[in-house]
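# Secondary and tertiary structure notes
Spelled out from the first residue to the last, the chains are:
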Amino acid sequence: MPVLTNIGLLATCRPEGPQDQIHPIRSAALAWDNGSILWAGPEADLPSPYRTWEALDAGGKLVIPGLIDCHTHLAFGGWRADEFAQRLAGRSYLDIAAAGGGIASTVRDTRALSEEALLERCRSFVEEILPLGVTTLECKSGYGLSLEDELKILRVYRRLADEGPLRIVSTFLGAHVVPSEYRDRRADYLALLTDQLLPRIAAEGLAEFCDAFVEESAFSVDEARALFRVAGEMGLRAKIHADQLTNGRGAQLAAEVNAVSAEHLECISEEGIRALAEAGVVAVSLPVATLYLGQSPPPVRRMIQAGVSVAVATDFNPGTAPSFHLPLAMTLACTRQRMTPAEVLKGATVLAARAVGREKTAGSLEAGKVADFALIDAPDVETWLYHFRGNACLLSVVAGEVCWRSPGRN
């Protein structure tokens, strides 16, 4: 039954209020037991029963909710550094994909790995992600694109979740692109997704969400709508890769099917922004991807002004966002998307929790929520995101247990 005391600034990030309201408490304390928060507030007001508990000293530094990366493609084989060089030389993402690179290249490398090899690769990523203060990770399939390989990826995620300590949320992204062997048989591939994969995934409880890449080079609005209808009947909520490379009305589809999130949105229209706001769909921005692709970021300021909640995630994948460093993505959200540090923090905590269906249990530091938090070596959020370092996190805590401690910290 521990208490964290001498917190210089506690960013509670409660869900109410505008996106820039992180509900900070100065000179604060945090008490928890059995993995859940019991109390958060000014240390001077700490209830007397908690004053006798074991005390941990925050050293006057910043404490935030555990970060939630609500969009990653964690399980994949190989890398695509050659494409990085090609894009720098002027080739477009679509040109590379048309020549057999892009997602198709990663599919080949992922299919070549056994489940054990893929699991070990994911473990190595997790070992580097947890020290960043990330406590929850959404993980998409989509690099298998066959019955057995998609199931293989989702089984890896379930095993990671069982191992802990990182909380894993699994998303089925069989509708990433049409694999080469189905290029002339799109209907057959969609039937594989709806008639074989979704029933297996639902029966085995391998995913909570179903995602689709709605784009000219991937799947149409009508194809995605049909997929989401079947997924919904089987208990999987919708997420959508929407309006990334063109305005394909993915945002409007997200609103129509009551998706939990619409992700990317670099080419969203004003109509799409209005649709997301009216439906309460979380927009997930991915600034690492726009950086690597040399793309203009989504119109986040217009989204927030219209009442859209904007989350921030990494889009970790081997092609267009080869970094799982969520604090880097957060700083990029400030510099490239013109979000304030407070807006970004809320976007990577309680709003990201909404984007993975965890808003009732995680994402903020208040009584009844899980005791997931991070101790940051900074006096406030502005200083942390302004002064970017390799890692400013000193402690990562999941369910009240210290899961990572910076070397040299007692």
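Predicted model only: the values in this text are computed from it and were never measured.

What follows covers the pattern of salt bridges. Across all of its chains, the model carries 27 salt bridges by this definition. Note that E256 is salt-bridged to R225, the shortest N-O span being 2.6 Å. With E256 in helix α8 (residues 250–256) and R225 in helix α7 (residues 221–233), the pair connects residues that are 31 residues apart, well separated along the chain.

Mapping K369 onto the fold places it in the loop between α14 (350–355) and β14 (373–376). Among the polar contacts listed, one links the side chain of K369 to the backbone oxygen of E359, at a separation of 3.2 Å. Here the side chain of K369 touches A362 through a polar contact of 3.4 Å, landing on its backbone oxygen. Residues within four places of K369 in sequence aside, it is in contact with G35, S36, I37, E359, K360, T361, A362 and S364.

As a further point, take the environment of W404. Turning to its location among the elements, W404 is positioned in strand β16 (residues 401–405). Expressed as a C-alpha distance, the spacing of W404 and P131, which sit 273 residues apart in the sequence, is 5.8 Å. If we skip the residues at most four places from it in the chain, W404 touches P131, N391, C393, L394, L395 and S396.

This brings us to the pairing of β16. Two strands pair when backbone bridges link them, and strand β15 (residues 393–398) and β16 are joined in this way by 4 bridges, in the antiparallel orientation. When the bridges of β16 are listed, L395 appears paired with R405. The turn linking β15 back onto β16 is made up of 2 residues, and A399 within it adopts a positive phi angle of 55°.

On to helix α12 (residues 326–337), then. In an α-helix, one full turn covers 3.6 residues, which means residues spaced three or four apart are oriented alike. Summarising burial for α12: 9 of the 12 residues are buried, a large majority. Within α12, the full set of buried residues consists of L326, P327, A329, M330, T331, L332, A333, C334 and Q337.

Bringing the environment of W79 into the picture now. Within the secondary structure, W79 sits in the loop between β6 (67–69) and α1 (81–88). Overall, W79 belongs to the partly exposed group, its relative accessible area being 44%. When the C-alpha atoms of W79 and P318 are compared, they prove to be 5.1 Å apart, with 239 residues separating the residues in sequence. In contact with W79, other than residues within four places in its own chain, are R121, F125, F316, P318 and P322.

Further remarks concern the packing of helix α4 (residues 115–129) against helix α5 (residues 147–163). Interaxial distance between α4 and α5 falls to 10 Å at its minimum, and their mutual angle equals 50°. Between α4 and α5, the interaxial angle falls into the category oblique. Crossing hand, α4 versus α5: right-handed. Contact residues: α4 offers E115, E116, L118, L119, C122, R123 and V126, while α5 offers K152, I153, R155, V156, R159, L160 and E163. For the contact of α4 with α5, the class distribution of residues is 7 nonpolar, no polar and 7 charged.

Another point: the environment of V63. Within the element layout of this structure, V63 appears in strand β5 (residues 62–65). On a C-alpha basis, the gap between V63 and I7 in space is 6.8 Å, while along the polypeptide they are 56 residues apart. Apart from the residues within four sequence positions on either side, V63 is in contact with L4, I7, L9, L10, A11, A58, L365, F373, A374 and L375.

Now for the nonpolar core. Ranked by internal contacts, the top residues of the largest apolar core, which has 123 residues, are L74, Y157, L276, M330, L345 and W384. Of all the elements, helix α6 (residues 186–204) adds the most residues to this core, at 7 residues. Once you skip the residues sitting within four places of it in the chain, L74 turns out to touch C122, F125, V126, I129, L137, C139, K140, Y157, L160 and F316.

Next up on the list: unusual backbone geometry. The peptide bond linking G164 to P165 adopts the cis configuration, its omega dihedral lying at -5°. Position of P165 relative to the elements: it lies in the loop between α5 and β8 (167–175). The phi angle at D243 is positive, at roughly 50°, despite the residue not being glycine. Looking at the secondary structure, you find D243 in the loop between β10 (237–242) and α8. Taking relative accessible area as the criterion, D243 reaches 0% and is therefore assigned buried.

Here is what the cut-offs are and how they apply
- Residues numbered from 1 in each chain as written.
- Predicted model: local features only at pLDDT ≥ 70, side-chain atom pairs only at ≥ 80, totals over all residues.
- Heavy atoms only, no water.
- Salt bridge = Lys/Arg side-chain N within 4 Å of Asp/Glu carboxyl O.
- Helix = DSSP H or I, 4+ residues; strand = E, 2+ residues; numbered from the N terminus.
- Polar contact = N/O pair within 3.5 Å; in protein donor to acceptor, adjacent residues only side chain to side chain.
- Contact = heavy atoms within 4.5 Å.
- Pairing = 2+ DSSP bridges.
- Buried < 20%, exposed > 50% of the residue type's maximum accessible area, 1.4 Å probe, protein only.
- Axes fitted to C-alpha atoms, helices over the stretch in contact; angles between N-to-C directions.
- Parallel < 35°, antiparallel > 145°, perpendicular 65-115°, else oblique.
- Left-handed = near helix turned anticlockwise from the far one by under 90°.
- Nonpolar A, V, L, I, M, F, W, Y, C, P; charged D, E, K, R; others polar.
- Core = buried A, V, L, I, M, F, W, Y, C linked by side-chain atoms within 4.5 Å.

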